Structures are given as C-alpha cells and as structure tokens.
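Each chain, written out:
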Amino acid sequence: MPLVLAVSATILAFMAIVLARTLSVPGAAAPRAPLSSLELESAAGIEDKLAALVRFATISSWDASLENAAAFEALIAALPGLFPQVHAALARERIGDRALLYAWQGKDPALEPAILCAHFDVVPAEDEAGWRHGPFSGDIDDGFVWGRGTQDIKVTLASALEAAERLLSRGFQPRRTILFAFGGDEEVGGNRGAALIAKELARRGTRAAFLLDEGGPVAKGMLAMADRPLALVGIAEKGYIDVRLEATGSGGHASMPPRRTATGDIARAVAALEAKPGSTRIGFTVKSFLGRLRPYVPFGYRVLFSNLWVFGPLVRLAFSGSPTTAALLRSTRAATMLEGSPKENVLASHASAIINVRILPGEDSLGVLDRIMQIVGRFGVVASPAHADSVVEPLPESSLDTELWRAIEAALGTAFPEAAMLPFLFSAGTDTKHYRHIARAMYRLTPLLQTSEDLAGVHGRDERVEISNLRRCLRFYETLIGSL
Ligand SMILES: [Zn+2]
C-alpha cells in the first residue's frame, strides 16, 4: 500500500475511534425544573430553627481562652428544645467539651453505620458594622436567613436534625444505624471535636460504611461550559504541609556584602520553585469528574473529555492555565512568608521562607519534601516541615459505587432536580480527615445551590441563605436519611 494511503487510513481510523467514543456518551436528559415554593411549603419552619442556632456566637479560636464557652454551652443546651423527638429517640453523648455524637439505632445491626457530620462553630465576623444584618442576629428578612453559619455550616446541622425530627414523627427507623457527629472546633482544626469522636469510635471498634461531611456546593454558573448547575461532591481531599526553607549566611555589616547572601539564596530557591511548578496528572477523581461532565458540555468539550487517551495533554495544558483548574492536576506550592535580616544595614545570618503545599491524592508529604529539596538544594537551602503536627496526608479517593453515593444522587434529584451530580476533588480541609480510619468511603457536599457570589459570604461579609434554598437542603436530608 502506498504511504499516502496508509497514512490516510490511519487518520480515518483514528477519527472513527475519537468519534465513536464521543458519540457513545449518553445525551443529557433535559434539565428538570427547580422545585417551586409551593412544593417546598412542607419544609417550612426550618428557617426559625436555623435562625435560633445562628444567634449563639460560637466563634472558635486557636486560643481556647479567647472563646466564649458560654455560647457553645447555650447552643448545646438549646438543641433538645429545638429538636425534641430527636432527643427523645436518639442516644446523645458529649465527648469532651466540643463534640456531640448522636446514635440512631438501625433495624439491621449487621450493617455498618453511616456518619453524617457537621460543625457548630463558626469563624469570626470581621467588619461587623458593615453587615446588612448583624452576623449573629439570625434575622429573617427579604426571603433570607442572615448570619454566620447560615452557609458554613449550622445549615446542615439544623437540616439533618430537622429531617430526623420529621422522619421520627412518621415512625421511621433507618435500616442502618446513623451517627450524627458534630464538632465545635472544625474551623480551628477539629482536635477537640471530630478528632475525639473518631478516637472514641475507634476505641469501640466501630467502622462506618460511609460518611457525608460539608463540601462542594450545588454550583450555579461556576463552570461556564456546563448547561446546568453541578453538585460537586468531594470524593477526595488534598493533603497539606507547610515547608520551611532555610539558608544561613555570614551576617555582618551590609556595607561590604559577599557575592552571595542567605537572603539571596532564599530568593533564588523561591524563584526556582515557581519556575518548576511540578508536572500535572489527571488522577481518578478528575478523570471521573470529566467523564461524568460530558453529557452537559458542548460537543467540542465532549470530544476532548471522551478521548483523554489522546487529548489528555491538551486538557492538562488548558487546565494549567487557570489557578482553579491547575490545582486539580498538581500538588500546588505557594510561597507565603519570607524572613531575612531584622535590620536595614545588617546581613542576614539566617533567612527563611514558608512554602504552603496542597498535596494531590496519590502523592505524599515525603515525596513533596524530596522534590522541593532537589530543586532548592543547589542554592544551599534546606527544606523541612515547618509544623510537623499540621501535616495532613491526602485523603484517599472514595468509590463511586456505594449505597451512600447512590442515595446522595437520589436525594439531590429530589431536592435539586435541575442539577447534575459530579465527583470532585476538594482542596480545603474539613473534619473528614479525622475519620480517615473510621469510614470506608467519604463524601463532601453542602447541599445548597450556590453562586460564586453566595460563596463570598462564607467566611466573608453578609453570610446568608435564601429560605427556599434552605428548605431544599432539608428536603435533601429527609430523602437521604429516609433511604438509609
Ligand atoms: Zn465549615
């Protein structure tokens, strides 16, 4: 066969495979209409309970002596009044001062329990005067509940307990035991909350089949290429390490400097790290995300995402272009703190920098440190963990083939029928990390429809939740728990 024919035949065969893979993607069903306010009428009342929880200023702090312990105690004391049936039917334990564990006994003791997590602490509200409604007012106005915790994350604590309340009043008992695990210090690491609960469960030999914690939103308008809102369920979580770079120098007077200084060495090391950000990789989570995104994107994207075997490098290149998508493909390194000489006219005898690293699943802190050492070593710079006790290895990627995964999908279908559900890589840390040896599969979702603007209120100003959105959140938990 002449070469020209052979080449054309190869190209045709190649195009046929690309096209076949693209066309094998099932088309998306037309998005269903969102629930009307009439359909959500039965969920009315949840707003008052959330508002009541918001009024306790449960601000956690790294320095426990700065906390208002009375606010935490008052919130805990208020729960039985707000959710009487739950407190009559479920066993509630306090572990330490910041952890609550409720056990709802299932019918089948052979099934491993499911854990539903939330936390009842919040971050401080800076710029209080600039809020339209006070951060701890719990005002209900203009169709919203206002204040700290309305999105992060008293909203799911209230919704999960209210869902249980309603199911109990209908005589419901779950098949599988359900544990509600609530910490009061998630925003400052979770050592007095979730960590103690996990430790206690481990001591009792409890293994959970799966866990649901706060996480990705039902994102509206955040991914321009998608034709509908996307519920981004975190199935994996990046790890965390602060790496300290250190260089030593001669010190002395700055009027007669040597050719190289400790400060210069640190600067060169930081520049070298930025010049070599590390290779990108499409791991299981991102591959699953792109695969399931295909029905909801235009044909061109569908071709790309259906044929990562050939277009993988192109997708990686495109994703590397934006910080948001690049973070899905690599362990990120960010130089954050720099230190040199303490005085204008003195040479540094010691200079340092902190590199904040978020570790991709599949890698680990030792590998990250090794790689950094390889890059900075030639400048005479040494790398080491800055705070050994704050290192978090990446959390494993959870299976998409579990009862809870399917239950989440079904519950989203009931509460957010217009959205599609996708697995996602979560890059912030949550209480989930404490349960890594307890739960076999871990998912992270905040079942609220959120835009980028809504998310700005989380840890920012004017945190609020629309009442209809809150009622959907309750509907989500009611369906989810009812199916376990
Ligand atoms: Zn939170």
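Details of the structure are given in the entry above.
Residues numbered from 1 in each chain as written. Predicted model: local features only at pLDDT ≥ 70, side-chain atom pairs only at ≥ 80, totals over all residues. Heavy atoms only, no water.

1. Brief notes about the overall build of the chain
Here is step 1: Helix and strand content of the chain: 15 helices and 15 strands.
Here is step 2: Taking 23 Å as the expected radius of gyration for a compact globule of 484 residues, we find that the chain reaches 25 Å, a close match to that expectation.
Here is step 3: Principal axes of the C-alpha set define a box for the chain whose edges measure 80 × 75 × 50 Å.
Here is step 4: Within the chain, the proportion of its 484 residues that are buried is 51%.
Here is step 5: Taking all contacts inside the chain whose residues are at least 6 apart in sequence as the whole, residues at least 24 apart take part in 83%.
Here is step 6: Carbon and sulfur atoms form 57% of the exposed surface of the chain, whose accessible area is close to 21,400 Å².
Here is step 7: Here the chain carries 50 positive and 52 negative side-chain charges, and the mean point of each set is 7 Å from the other. (Helix = DSSP H or I, 4+ residues; strand = E, 2+ residues; numbered from the N terminus. Rg over C-alpha atoms; globule rule 2.2 N^0.38 Å. Buried < 20%, exposed > 50% of the residue type's maximum accessible area, 1.4 Å probe, protein only. Contact = heavy atoms within 4.5 Å. Areas by Shrake-Rupley, 256 points an atom, 1.4 Å probe, with all protein chains shown as cover. Lys, Arg positive; Asp, Glu negative; His and termini not counted. Charge placed at Lys NZ, Arg CZ, Asp CG, Glu CD.)

2. A closer look at the state of the cysteines
Here is step 1: Per the counting criterion, the structure on display carries zero disulfides.
Here is step 2: Its sulfur unpaired, cysteine 117 is 15 Å from the next cysteine sulfur, which belongs to cysteine 473.
Here is step 3: Classification of cysteine 473 by relative accessible area gives buried; the value is 0%. (Disulfide = S-S within 2.5 Å.)

3. Quick look at the sheet that holds strand 5 (residues 144-146)
Here is step 1: Taken together, the three strands give an open sheet; going across it, the order is 4-5-15, and neighbouring strands pair in antiparallel fashion. The open sheet has two edge strands with one neighbour each: strand 4 (140-141) and strand 15 (464-466).
Here is step 2: Inspection of the sheet shows strand 5 paired to strand 15 by three bridges, in the antiparallel sense. Bridge pairing links valine 145 to valine 465 in strand 15.
Here is step 3: Sitting on the sheet, helix 2 (residues 46-54) touches strand 4, strand 5 and strand 15, and the angle it makes with strand 5 is about 15 degrees.
Here is step 4: Sheet contacts for helix 15 (residues 467-482): strand 4, strand 5 and strand 15; angle to strand 15, the most-contacted strand, approximately 80 degrees. (Pairing = 2+ DSSP bridges. Axes fitted to C-alpha atoms, helices over the stretch in contact; angles between N-to-C directions.)

4. Some details on the nonpolar core
Here is step 1: By size, the foremost hydrophobic cluster in this structure holds 69 residues, and its most contacted members are Phe180, Leu212, Ile408, Tyr443 and Phe476.
Here is step 2: For this core, the element with the most residues is helix 5 (residues 154-169), which contributes nine residues.
Here is step 3: Residue contacts for leucine 212: discarding those within four places in its chain leaves Ile115, Leu116, Cys117, Leu404, Ile408, Tyr443, Arg444, Leu445, Phe476, Tyr477 and Leu480.
Here is step 4: Formed by 23 residues, the second largest nonpolar core is a distinct cluster that contains Ala262, Ala351, Ala353 and Ile359. (Core = buried A, V, L, I, M, F, W, Y, C linked by side-chain atoms within 4.5 Å.)

5. Considering the pairing of strand 10 (residues 332-339)
Here is step 1: Among the eight residues in strand 10, zero count as buried, and that is only a small part of the element.
Here is step 2: Where strand 10 and strand 11 (residues 350-359) come together, seven bridges link them in antiparallel fashion. Across the sheet, residue arginine 333 finds its bridge partner in strand 11, namely valine 357.

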